[in-house]
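A structural walkthrough
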Protein chains: 2
Amino acid sequence: MIVQKYKDMLQGKSVIRQLSEFATARGAEIGYENVFDYSLGNPSVPVPQQFTDTMIQMLQEKNPMELHGYSQSLGIPSVRDKVAASLNKRFGMNYTGNHIFMTTGAAGAIAHALRCVSQPGDEILTFAPYFPEYNPYINLTGAALKVVPANTENFQINFEAFEEMLTDKVAAVLINTPNNPSGMVYSTATIRELARIMTEKSEKYGHDIFLISDEPYREIVFAGVDAPYPSKFYKNTLSCYSFSKSLSLPGERIGYIAVNPECTDAELISTMCGQISRGTGHNCPPSIIQLAVAEVLDLTSDLSVYETNMNILYKELTSLGFECIKPGGTFYMFPKSPEADAVAFSEKAKKYDLILVPSNSFGVDGYFRLAYCIDTEKVERSLEAFRKFVKTEYGNL
Amino acid sequence: MIVQKYKDMLQGKSVIRQLSEFATARGAEIGYENVFDYSLGNPSVPVPQQFTDTMIQMLQEKNPMELHGYSQSLGIPSVRDKVAASLNKRFGMNYTGNHIFMTTGAAGAIAHALRCVSQPGDEILTFAPYFPEYNPYINLTGAALKVVPANTENFQINFEAFEEMLTDKVAAVLINTPNNPSGMVYSTATIRELARIMTEKSEKYGHDIFLISDEPYREIVFAGVDAPYPSKFYKNTLSCYSFSKSLSLPGERIGYIAVNPECTDAELISTMCGQISRGTGHNCPPSIIQLAVAEVLDLTSDLSVYETNMNILYKELTSLGFECIKPGGTFYMFPKSPEADAVAFSEKAKKYDLILVPSNSFGVDGYFRLAYCIDTEKVERSLEAFRKFVKTEYGNL
């Protein structure tokens, strides 16, 4: 019979998607260029030309049976080796190809990492504000997501609440730095303290507690920001990466898990992921995409537009009186709503064609998210709408 | 903690993979061209040139943000529409794009289909001989695979055993026609009888029993063979397809589920699959590959080599005295081993550089599988090895 669990999930509609659909509908009325759509986190800059050139060259020159042949289920060995070498060079790690498991984006990476280290009944901790898709990712494994309340002072970690919630039932801690939606990057001090507590509790409980580090925004870090590589500080770390944002390839579903070489069973984890994928039907990411990203591992799209947009918005919003912690990376920003009810705030903003996501679905009330992965020209045009919105609805902040 | 279940799975090594590794090692000694490697089911003919040309053209001409942008999680709407139209034209169905869910190959399709219609504790029936990967596919959902014994007379269905095993606990029946490993195609009479029994039992038990039809070899059917489209005969059918064999694209992980429009909740199933994929981390197949296959839906690679190879081998093996039911499709053949112990037979064959897979892992004893997706020239050269092997080891059959 049709399984009710998945049917029931159809009822819940994502707020982000609803806002995005509103923006599209409004765009049909007044021209999409006049809708200041800050709803969706889609890259707004193209993939590097070298990626496209590599794809074309392979299609023209490679034996198609090799090019499109089965990848090993853990990923193409030469690709895994290159990913390891690139990470070692950048972060002073000691990965070999055996520590890399190629995945269909960060979603695939997290799906495998969770299944490696947690079972139904276990708890997974994450920190508010957090990416709402963590709920289905985790709930559908049978484990339970528990959300540590936000540290609203700076959106680093609320360690007091964390220590209390890090019980014997916790199998893994899931972090996302640079963070969607806050734009904050965990500092070296934060990561050190996180590692210290996790090490202490692992010893106390007599079992490993894994750190699953979701890092799709790793390459989008702004000038002068301290952005440590979490795995460097805690051995039982599974780093989950996606090329979606750094290379602007969200549709091509390509990423990896990098298993810290000092992790428990480090040499086994990627092969275990291969077993997990037999149940999820994942198998491996597309061969041609694996081969092409392996040629541009140390490149990114031109990500500077995001910092430009952030600076423009941060300056204007703070001068309008919004409270906002300056983002350290990503293409998100998370100011405080001028009224406690962020949903009401977001509704009012729509009247000014400003599409802003209320913070409730990110696990914290009273804030809103801007995804400023749009053209700078449009960001600049949106400032007048912000001014009008604030003046009309709130007088002064 | 590291989950033991997946660690334990690392112990079992696939017989097919072991034989393939033996073939590679032996090839390093005597030249791979001298190893008659019939172990692996990898396509041996290239993708149609139109696919390559479409890929290059898109890379050269399309806006990269659109080309590599997020696909909707159910698949790109235009691609789903084209798949529906192609199936309607070929099989007289009434699919719309809403009935199509794009997947990462048949593995992804089966993973989603199973989760849609079965829960932990349910039983899934399949028929020997069967693809051994069905074991992890099903066991890792929490359901249990039950194998209906083979009809060794013609490798159609053993209906007596099937009726007995089709209890109230069965949520779905999984078929694979054309069949790996037997090469047999279920006839119209077989599919009709299967549908009749499933309909009768669904009514008796008062719940749906789904037919999951695994069809990666659908386009490899030999001259004059009756090859019905199963969904035409049973409304609660989820057809699972892969382009891996028809377009020789196994590494690019592309396929779909086609939900019979008269199925229970037909309009909901693809959206349910979208929910399931949030747990498996699947999301969607790569955008560029979806767009490219949509342009070559009615094409295939030049598959004629498989029928040529089959005819050569069938003639020689039967004239040597092997009992073999003539394949109706695929690139497999499943003769009876001249000794009851097919593993011993396969071991002896290795001495003649013939790599043949014993049937045990396919759920039936005393047979062996040849995957004749290799160059015809090599098939012809292998005949002398077969003659020598049989004469030396068995005198006469």
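As the structure is a computational prediction, the values presented were derived from the model and not from experiment.

Our next topic: the relation of the copies chain B and chain A. Two copies of one chain are present, and they are related through a rotation about an axis combined with an axial shift. Once chain B is rotated about the relating axis by 180° and shifted along it by 0.0 Å, it coincides with chain A to within an RMSD of 0.0 Å. Expressed as a symmetry operation, the mapping of one chain copy onto the other fits a two-fold axis. Take the interface residues of chain B: 100% of them recur as interface residues in chain A, which is what a same-surface contact looks like.

Before going further, it helps to spend a moment on the pattern of salt bridges. With the rule as written, the count across this model stands at 36 salt bridges over all chains. Among the salt bridges present, the one from A:E384 reaches A:R387, with a minimum N-O distance of 3.2 Å. Separated by three residues within a single helix, A:E384 and A:R387 lie in helix α14 (residues 376–394), roughly one turn from each other. Exposure remark for A:R387: the relative accessible area of 35% places this residue in the partly exposed category. Notably, a salt bridge pairs B:R196 with B:E200, separated by 2.9 Å at the nearest N-O pair. Taken as a pair, B:R196 and B:E200 lie in helix α9 (residues 188–205) at a separation of four residues, close to a single helical turn. Relative accessible area serves as the criterion here: at 38%, B:R196 is assigned to the partly exposed category. Under the relative-accessibility criterion, B:E200 is labelled partly exposed at 40%. Overlapping salt bridges, with partners in common, bring together A:R90, A:E215, A:R218 and A:E219 in one network.

Before going further, it helps to spend a moment on the sheet that holds strand β4 (residues 144–148) of chain B. Residue and element names in this part refer to chain B. Here seven strands make up an open sheet; going across it, the order is β2-β8-β7-β6-β5-β3-β4 and the pairing mixed. Two strands lie at the open edges of the sheet, namely β2 (100–103) and β4, each paired on one side alone. Across this sheet, the average inter-strand angle for adjacent strands is 20°, counted without regard to direction. Those strands touched by helix α5 (residues 77–91) are β2 and β8 (255–259), and its axis lies near 115° from that of β2.

This next bit is on the interface of chain B and chain A. Contacts between chain B and chain A engage 69 residues on the former and 70 residues on the latter. Contact between chain B and chain A buries roughly 5,800 Å² in total, counting both sides, with carbon and sulfur atoms accounting for 64%. Seen at the junction of chain B and chain A, the total is four salt bridges. Two residues, B:R278 and A:E133, come together in a salt bridge whose shortest N-O distance is 2.7 Å. Taken together, chain B and chain A are joined by 27 residue pairs in polar contact (both at pLDDT 80 or more). Residue assignment for the side of chain B that touches chain A shows that the elements contributing at least two residues are α1 (4–9), α3 (49–61), α4 (64–67), α6 (105–117), α7 (134–139), α10 (266–280) and α11 (287–294) of chain B. The leading source of residues in the side of chain B that touches chain A is α10(B), at nine residues. Each residue belonging to the side of chain B that touches chain A can be placed in one class, and the counts come to 37 nonpolar, 23 polar and nine charged.

Attention now goes to the confidence of the model for chain A. Predicted confidence across chain A gives a mean pLDDT of 96, with 100% of residues reaching 70 or more. Both confidence scores are given for the complex: pTM 0.96, ipTM 0.95.

Okay, unusual backbone geometry next. Put simply, A:T177 and A:P178 share a cis peptide bond, and its omega is -10°. Assignment of secondary structure puts A:P178 in the loop between β5 (170–176) and α9 (188–205). Note the cis peptide between B:N180 and B:P181, where omega equals 20°. Within the fold, B:P181 resides in the loop between β5 (170–176) and α9. Even without glycine at this site, B:R253 takes up a positive phi of about 55°. As for its position among the elements, B:R253 is in the loop between β7 (237–242) and β8. In this structure, B:D265 takes a positive phi of about 55° despite not being glycine.

Parameters and conventions
- Residues numbered from 1 in each chain as written.
- Chains lettered and ligands numbered in written order.
- Predicted model: local features only at pLDDT ≥ 70, side-chain atom pairs only at ≥ 80, totals over all residues.
- Heavy atoms only, no water.
- Least-squares fit on C-alpha atoms with pLDDT ≥ 70 in both.
- Contact = heavy atoms within 4.5 Å.
- Salt bridge = Lys/Arg side-chain N within 4 Å of Asp/Glu carboxyl O.
- Helix = DSSP H or I, 4+ residues; strand = E, 2+ residues; numbered from the N terminus.
- Buried < 20%, exposed > 50% of the residue type's maximum accessible area, 1.4 Å probe, protein only.
- Pairing = 2+ DSSP bridges.
- Axes fitted to C-alpha atoms, helices over the stretch in contact; angles between N-to-C directions.
- Buried area = accessible area lost by both parts, 1.4 Å probe.
- Polar contact = N/O pair within 3.5 Å; in protein donor to acceptor, adjacent residues only side chain to side chain.
- Nonpolar A, V, L, I, M, F, W, Y, C, P; charged D, E, K, R; others polar.
- pLDDT = per-residue confidence, 0-100.

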